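The primary structure of each chain is shown beneath.
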Amino acid sequence: MASGVSPDLQAPSQPPAGARPVFGREEEARDYLARSVWRSAADALLLQNLRGGAGWPPGWETAWRHVFAGGPLMDVTEARVSSDLAEVVPPQLASGYRAVCFYRTDDAYYIAMPEPGDFLFQDQLLALTGTASRRQLRCVRACGDQVLEAAGGTRKRSASQEAHAAGVDDMVVATVLNSERLRQVNPGRLDMEPKLFLDWCLYQGWLHKAADLHFEGIPGMGRVRMRVDGNMRVLARAPLPLMTGVVALGRDWAGPGCSGDAWVPGDGRFSFRLDQTVYDVRAATMMMGSGEYPFPKLELRLLSKEIRPLESMGFEDSVLKMLRRMSRMPQGMLVFTGPTNSGKTSTLYSLLKEINRPDINIQTVEDPIEISMSGVNQAAVNEKHGVTWAKLLRAALRQDPDVLLAGEIRDAETAGIAVQGAQTGHLVFTTLHTNSACAAVERLTGMGVEPFLLGSVLLGISGQRLVNRLCPRCRRPVKVTDVHRDVFGRAGCADFLGDVLYEPRGCEHCGHTGYAGLSLIMELFPVNDEVSRLVMQKVPSPDLEAYFRQKGCRTMFQDSLRQAAAGVVSLEHSRLYDRNWMFAA
Ligand SMILES: [Zn+2]
């Protein structure tokens, strides 16, 4: 952590009431360590080795730091912390930094904490309270255990901490956005409150349909970026003290998994309400950097509540028809592949929404539940409470589902359960992180699924990507050249090609990026008896793909060329999805 004490933050020369210096001089401290603490620490280390798990004796670490880092160490065991004083340091900071205000004069607050020179703490405190000026803070060094003891019993939990504690895993509506007011906010104002700033960022994220918001600290400045249509763009800049306050608030809203020690990566959730609708947010925090400029970066993922109808997803008619046919089979397995953010979850939700009827028992196992769907039994993995993928999948199968959505296949165990489910009368939808549909077969057999089993249960395999859609207002036509004809020809797509292709240009409607929205690129291969035999014979995935191409199925690459020829996506983006392009001129 940042240490070193600025002139303004010097500890008082005379100890305030309730605190007395443990060591006046360094020699005394060394002597103290030599006499008791150091020896007991050595003993503790020995015990730890012997028994595996005894912690350091209280006070050892702080006393040891004192010797090397300087600054008087205060004993605050006799401090009487009233509830008024305890409120000076907000709970979201108090527990993480082990800080307590134990004394107040007309012009200063005295705060005891193990790391009194931590500027991050002081900035966050100023941003959150907004009352005390920097000169009014007097931070003194004290043992963390003593601080917690002194503060014990007087601390009130913040509203969202209360709510998290009461509702266990339920989502907490942390803030209500007032769109009228937020429309008039000027984010450049330096004296903005953290809550208003965070509200404004959430509102902007919602307005731009952003997938996530990133709150970052770079030396001397805070920055908020958002991901819109797969691309990061800067939403706002803010002074570092404001940004630290915003991050502290966001972490507090996200609950205990996120609001503890800033140095430990954490995750949590909260909700916000806007115009009578509640939106869910997933939060993740992680300390970036070290030394003088550490910053706990906060990432907020805005979970979309919208499930689009299958026909609006942009599938080709033939693919849509095939997908619908597969989803009405009584049993078997349908595997959706693609990297993170390729829209697999959206496809699955749309599919479930379409087949969701009262006479069909749909069960899901997810991590986490991204959108709740009425009429569908959704269950979430909770590793912290020992509810693992494997356990939950087994339990889900015992619920006698007609359709089981197994959110993701992670390992041999989950693969085995999913295949077993598909074999015993359930229709199983699942996802895998592979680069193409056919690679799913090798991945699953690599996980130990017997090829003859896999061949018998598979109904279909698909691969998909989300690609930036060209802005239709400003896309620029380019004449088709022989190179284009060659590439389209070799991919078996010469028929698609007209006289022109399109490139991005940029206008005010697309934020001068040349792109607006996303387009889904998809391959879907049905597994019939013939393919099933190929799977059982362990045919390599390129050969399997060649077979499907020969049968007239369209690969992702071919689909991207089709969309490029139609002016939906740019040729550059199509190129990304086939490594054979690297050999093209
Ligand atoms: Zn444009």
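Residues numbered from 1 in each chain as written. Predicted model: local features only at pLDDT ≥ 70, side-chain atom pairs only at ≥ 80, totals over all residues. Heavy atoms only, no water.

For the protein chain, an unreviewed UniProt entry supplies the name AAA+ ATPase domain-containing protein and the organism Termitidicoccus mucosus. Word for word, the UniProt comment on the protein chain under Sequence similarities (unreviewed entry) is "Belongs to the GSP E family." (UniProt positions renumbered as here; feature names shortened; annotations may be inferred.)

J.: Please explain the overall build of the protein chain as it appears in this structure.
T.: For the protein chain, the count of helices and strands is 22 helices and 21 strands. Within the protein chain, the fraction of its 585 residues that count as buried is 50%. Put simply, of all contacts in the protein chain between residues at least 6 apart along the chain, 64% involve residues at least 24 apart. Carbon together with sulfur atoms contributes 49% to the accessible area of the protein chain, which is approximately 28,400 Å² in total. (Helix = DSSP H or I, 4+ residues; strand = E, 2+ residues; numbered from the N terminus. Buried < 20%, exposed > 50% of the residue type's maximum accessible area, 1.4 Å probe, protein only. Contact = heavy atoms within 4.5 Å. Areas by Shrake-Rupley, 256 points an atom, 1.4 Å probe, with all protein chains shown as cover.)

J.: Mind showing me how you'd approach the packing of helix H19 (residues 529-536) against helix H20 (residues 541-550) here?
T.: Packing of H19 against H20 brings their axes to within 11 Å, and their N-to-C directions diverge by 165°. Viewed along their axes, H19 and H20 adopt a mutual orientation that is roughly antiparallel. For the element pair H19 and H20, the recorded crossing hand is right-handed. Where H19 approaches H20, its residues Glu530, Val531 and Leu534 are matched on the opposing element by Leu544, Tyr547 and Phe548. Residues belonging to the contact of H19 with H20 are distributed by class as follows: 5 nonpolar, no polar and 1 charged. (Axes fitted to C-alpha atoms, helices over the stretch in contact; angles between N-to-C directions. Parallel < 35°, antiparallel > 145°, perpendicular 65-115°, else oblique. Left-handed = near helix turned anticlockwise from the far one by under 90°. Nonpolar A, V, L, I, M, F, W, Y, C, P; charged D, E, K, R; others polar.)

J.: Just checking my understanding: could you explain the coordination of the zinc ion for this structure?
T.: Four donors placed tetrahedrally around a metal ideally meet at 109.5 degrees, and six donors placed octahedrally ideally meet at 90 or 180 degrees. Summarising the metal site, the zinc ion is bound by the protein donors Cys471 (SG), Cys474 (SG), Cys507 (SG) and Cys510 (SG), whose distances to it range over 2.3 to 2.4 Å. Around the zinc ion, the 4 donor atoms sit at angles spanning 103 to 116°, and that spread fits a shape best called tetrahedral. Ordering the donors of the zinc ion by residue number gives the pattern C-x2-C-x32-C-x2-C. In this pair, Cys471 is assigned in the loop between strand S18 (458-470) and strand S19 (476-479) and Cys510 in the loop between strand S20 (500-503) and strand S21 (515-526), connecting sequence segments 39 residues apart. Of the two residues, Cys471 and Cys510, neither departs from the other in class, the shared state being buried. (Donors = N, O, S within 2.8 Å, 3.2 Å for Na, K, Ca; no water. Tetrahedral: all angles 85-135°; square planar, octahedral: opposite > 155°, others 65-115°.)

J.: Is there a simple way to think about unusual backbone geometry in this case?
T.: Leaving glycine out, the prevailing phi sign among residues is negative, and the prevailing peptide bond configuration is trans. In this model, Asp367 is joined to Pro368 through a cis peptide bond whose omega is -10°. A positive phi angle is found at Asp229, which is not glycine, with a value near 50°. Mapped onto the elements of the fold, Asp229 is located in the loop between strand S8 (221-228) and strand S9 (231-238). Residue Asp229 is classed as partly exposed on the basis of its relative accessible area, which comes to 25%. Positive phi, normally seen in glycine, also occurs at Asp400, with a value near 50°. Note on placement: Asp400 falls in the loop between helix H14 (389-398) and strand S16 (403-406). Owing to a relative accessible area of 56%, Asp400 belongs among the exposed residues under this scheme.

J.: Can you help me understand the pattern of salt bridges in this one?
T.: Side chains that differ in sign of charge can pair as their charged atoms come close. Under the counting rule described, the total for this entry stands at 20 salt bridges. The salt bridge involving Arg282 is made with Glu370; its shortest N-O contact spans 3.8 Å. Of this pair, Arg282 sits in strand S11 (residues 277-288) while Glu370 sits in the loop between strand S14 (362-366) and strand S15 (377-380), and the two are 88 residues apart along the sequence. With a relative accessible area of 22%, Glu370 lands in the partly exposed category. Between Asp359 and Arg357 there is a salt bridge, with the nearest N and O atoms lying 3.0 Å from each other. With a relative accessible area of 55%, Asp359 lands in the exposed category. (Salt bridge = Lys/Arg side-chain N within 4 Å of Asp/Glu carboxyl O.)

J.: Please explain the packing of aromatic side chains as it appears in this structure.
T.: One pair of aromatic rings is described through two measures. These are the centre distance and the angle between the planes. The full count for this structure, using the stated rule, is 7 aromatic pairs. Taken together, a centroid distance of 6.3 Å and an interplanar angle of 40° make the contact between Phe197 and Trp200 tilted. Residue Phe197 and its partner Trp200 are located together in helix H9 (residues 194-207), separated by 3 residues, close to a single helical turn. Take Phe197 and Trp200: they sit in the same class, and that class is buried. Seen in terms of ring centroids, Trp253 and Phe270 are 5.4 Å apart; in terms of plane orientation they differ by 70°. Their pairing is edge-to-face. With Trp253 in helix H10 (residues 240-253) and Phe270 in strand S10 (residues 266-274), the pair connects residues that are 17 residues apart, well separated along the chain. Accessibility assignment for this pair places Trp253 and Phe270 in one class, buried. Put simply, the rings of Tyr203, Trp206, Phe272 and Tyr279 pair up and form one aromatic cluster. Geometry around Tyr502 places Arg475 over its ring, the cationic atom sitting 4.1 Å from the centre. (Phe/Tyr/Trp six-rings, centres within 6.5 Å; stacked < 30°, edge-to-face > 60°. Lys NZ or Arg CZ within 6 Å of the ring centre and 35° of its normal.)

J.: What am I meant to see in the side chain of Gln563 here?
T.: If you trace the backbone, Gln563 turns up in helix H21 (residues 556-565). Of note is the side chain of Gln563, whose polar atom sits 3.0 Å from the backbone oxygen of Leu520. Gln563 has contacts with Ser519, Leu520, Ile521, Val568 and Val569, leaving out every residue within four places of it along the chain. (Polar contact = N/O pair within 3.5 Å; in protein donor to acceptor, adjacent residues only side chain to side chain.)

J.: Help me out: how do you make sense of the nonpolar core in this one?
T.: Within soluble globular proteins, side chains that are nonpolar generally end up buried alongside one another. Counting residues in each nonpolar core, the largest one holds 42 residues, and the members touching the most others are Met333, Leu444, Ile461 and Phe548. When residues in this core are grouped by element, the largest group, 6 residues, is from H14. In contact with Phe548, not counting residues within four places along its chain, are Cys438, Ile461, Phe525, Pro526, Val531 and Cys553. Of all hydrophobic cores here, the second largest spans 38 residues; its members include Met192, Ala210, Leu242 and Met243. (Core = buried A, V, L, I, M, F, W, Y, C linked by side-chain atoms within 4.5 Å.)

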